[in-house]
Amino acid sequence: MTMTARALNRASLVRQLLVEREPLGVEDAVRRMVAVQAQHPASPYVGLFNRVVGFDPHALDAAFAAGTVVKATLMRGTLHAVHTDEHLDFRAAILPMMAGPRFEAAFAAGGLTRDEAHAVAVELAAYASEPRSGADFEAWLDQRLGMGATELWWAMRAVAPLLHAPTGGPWSFGHRPAFVAAPGVPADPERGLEVLTRRYLEGFGPASIADIAQFIKLQRSRVKTAVAALDLEELEGPGGQVLYDVPGGARPDEDLPVPPRLMAMWDSVLLAYDDRARVVPAEYKRVITRTNGDLLPTLLVDGYVAGVWRPVEDGIEATAFRKLPAGVWKALKGEARDLFAMVRERDPRVYRRYDYWWKHLPAVDTRVLPAK
């Protein structure tokens, strides 16, 4: 089977619940999304707003509090919210990523070899039997090793089996995180990678070896081994690219209509591929991905990024990079009204710390979509 670029776009959006919102509980929705980017505390809430019928942010608060959805450093070394049942497999899959030069340098800064660092991580997890702050962990490492440990703590909070503990505030987690040990027995890395590879394809496929490796941030050779161990379908993508997919994965018609959405910062579907053009037109990639890695909240129009948005005093300011039809603006107005109703109760100027990037945007049309 040969798939066009547009057909791949539609497959991704259907699997990511972006063609039609579904009446799901937050735990089931998080499973369907596979891994919800949580770099900013608000983003899982905005991500689920875009995908769940009548999304209630209090339901996600409750899931975080109960530990059925957990937040941790996972794929690409960044923060994700995942279902608790999948955390240990996903974490096991990324462990080889933590053997790179930056981690080695951090271990050395603490006077440790890699093996010694992993042994200390076991002790650190025991210390994290209850939620503790980053300052607590740095002090513990300093006492344990007898030297300053700020850089080592950066590495250890990824190497040790830690979760972010809810700290309250508008989005369950504030900007001063607390950490607690993850429950359960560590999984086997090889099995974990197979589980994560299959789950990635269920949520983002069809995809190439390069796509999977980029999503996880792992060597392609390891991904090839995991793919070979799974029962997958092989497809042909644009330019003859070899793609893999789970049997029965959704592959809708490329002409399937897709409604506009106001996407969260760092939404996973924007970061899931080696070639982001599946969802992000090439001419906009550097516009929405800033020099320090910030990925701005975007307008998704006909399944592709077409602009950015931010809350302002009277609603949502939408900046389009190209001319949009009147019908799209009408649909965006409805999305903005409902989204602003959610953020107004919690943080009316969510993402405001990133406003300085708006000075550098190629705006074609900017409109304030009113809150009412």
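Reference entry: report on the structure contained in this document. Everything quoted here is computed from the prediction, not taken from an experiment. (Residues numbered from 1 in each chain as written. Predicted model: local features only at pLDDT ≥ 70, side-chain atom pairs only at ≥ 80, totals over all residues. Heavy atoms only, no water.)

1. Remarks on the packing of helix H10 (residues 189–204) against helix H12 (residues 220–229)
Our working definition: Here an axis means a line fitted to C-alpha atoms, over the contact stretch when the element is a helix, while the angle between two N-to-C directions is reported on a 0 to 180 degree scale. For helices the rule is a DSSP run of H or I covering at least 4 residues; for strands it is a run of E covering at least 2, with both sets numbered from the N terminus onward. Throughout, the term roughly parallel applies to angles under 35 degrees, roughly antiparallel to angles over 145, roughly perpendicular to angles from 65 to 115, and oblique to all others. Here, residues are in contact when the closest pair of their heavy atoms is within 4.5 Å. Amino acids outside the nonpolar list (Ala, Val, Leu, Ile, Met, Phe, Trp, Tyr, Cys, Pro) and the charged list (Asp, Glu, Lys, Arg) are all regarded as polar, and Gly is one of them.
Relative orientation of the contacting elements H10 and H12 amounts to 75°, with a least axis distance of 9 Å. The angle between the axes of H10 and H12 places the two elements in the roughly perpendicular class. Seen from H10, the contacting residues are Leu-193, Glu-194 and Thr-197; seen from H12, they are Arg-222, Val-223, Ala-226, Val-227 and Ala-229. Of the residues assigned to the contact of H10 with H12, the class counts are 5 nonpolar, 1 polar and 2 charged.

2. Observations regarding the nonpolar core
Which entries qualify depends on this criterion: For our purposes a nonpolar core is just a set of buried Ala, Val, Leu, Ile, Met, Phe, Trp, Tyr and Cys residues, chained together by side-chain atoms within 4.5 Å. Only protein chains enter the calculation, and the probe is 1.4 Å; a residue is then buried if its accessible area is under 20% of its type maximum, exposed if over 50%, and partly exposed in between.
Membership of the largest hydrophobic core comes to 68 residues, with the highest contact counts inside it found for Leu-48, Phe-55 and Tyr-351. Discounting residues that sit within four places of it in the chain, Phe-55 has contacts with Val-26, Tyr-45, Leu-48, Phe-49, Leu-60 and Met-342. Counting 60 residues, the second largest nonpolar core, distinct from the first, contains Ala-72, Ala-117, Leu-163 and Leu-201.

3. Overview of the environment of Tyr-304
Among the structural elements, Tyr-304 can be located in strand S11 (residues 304–312). Under the relative-accessibility criterion, Tyr-304 is labelled buried at 18%. Not counting chain neighbours up to four residues away, the residues in contact with Tyr-304 comprise Ala-5, Arg-6, Asn-9, Arg-10, Ala-277, Arg-278, Val-279, Pro-281 and Leu-299.

4. Structural notes on H10
For an α-helix the count is 3.6 residues per turn, leaving residues at separations of three or four pointing the same way. The condition is simple: To estimate the expected span of a helix, subtract one from its residue number and multiply by 1.5 Å. The term polar contact refers here to a pair of N or O atoms within 3.5 Å; inside protein, the definition further demands a hydrogen-donor-capable atom paired with an acceptor-capable atom, and it admits residues adjacent in sequence only when both atoms are side-chain atoms.
The first and last C-alpha atoms of H10 sit 21 Å apart over 16 residues, in line with the 22 Å expected at 1.5 Å per residue. Considered for burial, the residues of H10 that qualify are Gly-192, Leu-193, Leu-196, Thr-197, Arg-199, Tyr-200, Leu-201, Gly-203 and Phe-204. The elements touched by buried residues of H10 are helix H1 (5–15), helix H2 (26–33), helix H5 (84–94), helix H11 (209–216), H12 and strand S8 (242–245). Two to three positions downstream of the cap, the backbone nitrogen of Glu-190 sits 3.2 Å from a side-chain oxygen, assigning the N-cap of H10 to Asp-188.

5. With respect to the packing of aromatic side chains
Test applied: Only Phe, Tyr and Trp rings are paired, with Trp represented by its six-membered ring, and only when their centres lie within 6.5 Å; those with planes under 30 degrees apart are stacked, over 60 edge-to-face, the remainder tilted.
Evaluated as defined, the whole model comprises 19 aromatic pairs. Centroid distance Phe-204 to Phe-215: 5.3 Å. Interplanar angle 45°. Geometry classified as tilted. Of the two residues, Phe-204 is situated in helix H10 and Phe-215 in helix H11; the sequence distance between them amounts to 11 residues. Considered together, Phe-204 and Phe-215 belong to a single accessibility category, that of buried residues. A network of ring pairs unites the aromatic residues Tyr-127, Phe-137, Trp-140, Trp-153 and Phe-179 as a single cluster.

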